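For reference, the chains in residue letters:
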Amino acid sequence: MSAKRLTMKALPYYTLLPIMAFILHYFIGDRIFSFTVTCMYWFIVEFMVFFDHYLFLHKWNTISKHMKHNVHHAFRKKRDISAWVAFAFYPLDGLSQGMPLLYAALIVPVSWNVVYVSILIVGIWTVCIHTNSFKLPYPLMGCDYHLIHHERNWYNFGLFTVIPDTLFGTIRYPLDSP
């Protein structure tokens, strides 16, 4: 299946993430913005996405075969990677990587506006790292690090950074990086 077709089928399911955030906001109520709490939230999100991506979608076969993350990794070569590949997931696979944005908000009392903006930023970021258009310095996850993830399928599982990869030994550097 083409990346564009897979993306178009999955996009309606991805609207569940902000809808669930609105529902949680309604039942839990407003929270006050705090820079410190926001940083804690992003730290937790980064590590939750890493563990979800590494364990559930790559390492534990019983779970990964049901999530069908291998479909996203059918796009392995630099010429295959495009903005369409950013959302070319089966719905459960895509949602599993987005759910840490909500789980972390249940752990840390972050402002719901931060959660909404985070969902938007992750969506934009996901497109950006699948365009092969920019490199970022370590420890940020640029297109070069994410391309290694697609080509080799076993390295660079982080969201915005490769810090969890560095800590847990799943880092692979691009050839022109340290």
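See the structure above.
No experiment lies behind these values; they were computed from the predicted model shown.

K.L.:
Which residues make up a nonpolar patch on the surface, and what are the values?
P.N.:
On the surface, Tyr-13, Leu-16, Ile-19, Ile-23, Tyr-26, Phe-27, Ile-28, Tyr-103 and Leu-106 cluster together into a nonpolar patch covering about 980 Å² of accessible area. Of all elements in the fold, only α2 (16–28) and α6 (100–107) reach the threshold of two or more residues within the nonpolar patch. Broken down by element, the nonpolar patch gets its largest block of residues, six residues, from α2. In this structure, Tyr-13 sits in helix α1 (residues 3–14).

K.L.:
With reference to specific residues and values, describe the packing of helix α3 (residues 35–59) against α6.
P.N.:
Remark: α3 packs on α6, axes separated minimally by 9 Å, with the N-to-C direction vectors making an angle of 135 degrees. As far as their axial angle goes, α6 and α3 are oblique. Here α3 runs over α6; the crossing is right-handed. Residues Tyr-41, Trp-42, Ile-44, Val-45, Met-48 and Val-49 of α3 lie in contact with α6, whose contacting residues are Pro-100, Leu-101, Tyr-103, Ala-104, Ala-105 and Ile-107. Classifying every residue of the contact of α3 with α6 by side-chain character gives 12 nonpolar, no polar and no charged.

K.L.:
Describe α2, naming the residues involved and giving the relevant values.
P.N.:
Between its first and last C-alpha atoms α2 spans 18 Å; for 13 residues at 1.5 Å apiece the expected length is 18 Å, and the two agree. Leu-17, Ala-21 and His-25 are the residues of α2 that are buried. For α2, the angular spread of the buried residues around the axis is 80 degrees, confining them to a single face. Turned more than 90 degrees off the buried face of α2, the exposed positions are Phe-22, Tyr-26 and Phe-27. As for α2, its buried residues are in contact with α1, α5 (91–98), α6 and α7 (112–129). One or two residues past the end of α2 sits Gly-29, with phi positive at roughly 100 degrees.

K.L.:
Describe unusual backbone geometry, with residues and values.
P.N.:
In this structure, Pro-139 follows Tyr-138 across a cis peptide bond, with omega equal to 15 degrees. Relative to the helices and strands, Pro-139 resides in the loop between α7 and α8 (143–152). In this structure, Asn-156 takes a positive phi of about 60 degrees despite not being glycine. Relative to the helices and strands, Asn-156 is located in the loop between α8 and α9 (163–168). Judged by relative accessible area, which is 1%, Asn-156 ranks as buried.

K.L.:
Let's hear about the nonpolar core: which residues, and what values?
P.N.:
Within soluble globular proteins, side chains that are nonpolar tend to cluster in buried spots. Counting residues in hydrophobic clusters, the biggest one holds 27 residues, and the most contacted among them are Tyr-41, Val-45, Leu-101, Val-110 and Val-115. Broken down by secondary-structure element, the contributors of at least two residues to this core are α2, α3, α6 and α7. Top element by residues in this core is α7. It accounts for eight residues. Those residues in contact with Leu-101 that lie beyond four places of it in its chain are Leu-17, Tyr-41, Trp-42, Val-45, Val-115, Ser-118, Ile-119 and Val-122.

K.L.:
So what's going on with the state of the cysteines? Residues and values would help.
P.N.:
Considering all chains together, one arrives at zero disulfides under this definition. Looking at the unpaired Cys-143, the closest cysteine sulfur is the one in Cys-128, lying at 7.3 Å. According to the relative accessible area criterion, Cys-143 is buried, its value standing at 2%.

K.L.:
Account for the packing of α1 against α5, naming residues and giving values.
P.N.:
Angle between the axes and distance between the axes are the two parameters that describe a pair of packed helices. Following both chains from N to C, one finds α1 and α5 inclined at 45 degrees, their axes separated by 9 Å at the closest point. Regarding the angle of α1 to α5, the classification is oblique. Relative to α5, α1 is oriented so that their crossing is right-handed. Contacts between α1 and α5 involve Ala-10, Tyr-13 and Tyr-14 from the first element and Pro-91, Gly-94 and Leu-95 from the second. The class makeup of the residues in the contact of α1 with α5 is five nonpolar, one polar and no charged.

Conventions and cut-offs
- Residues numbered from 1 in each chain as written.
- Predicted model: local features only at pLDDT ≥ 70, side-chain atom pairs only at ≥ 80, totals over all residues.
- Heavy atoms only, no water.
- Patch = residues over 30% accessible without salt bridge, like charges linked within 9 Å, V, L, I, M, F, W, Y side chains within 5 Å.
- Areas by Shrake-Rupley, 256 points an atom, 1.4 Å probe, with all protein chains shown as cover.
- Salt bridge = Lys/Arg side-chain N within 4 Å of Asp/Glu carboxyl O.
- Helix = DSSP H or I, 4+ residues; strand = E, 2+ residues; numbered from the N terminus.
- Axes fitted to C-alpha atoms, helices over the stretch in contact; angles between N-to-C directions.
- Parallel < 35°, antiparallel > 145°, perpendicular 65-115°, else oblique.
- Left-handed = near helix turned anticlockwise from the far one by under 90°.
- Contact = heavy atoms within 4.5 Å.
- Nonpolar A, V, L, I, M, F, W, Y, C, P; charged D, E, K, R; others polar.
- Expected span 1.5 Å × (residues − 1).
- Buried < 20%, exposed > 50% of the residue type's maximum accessible area, 1.4 Å probe, protein only.
- Arc of directions from axis to C-beta.
- Core = buried A, V, L, I, M, F, W, Y, C linked by side-chain atoms within 4.5 Å.
- Disulfide = S-S within 2.5 Å.

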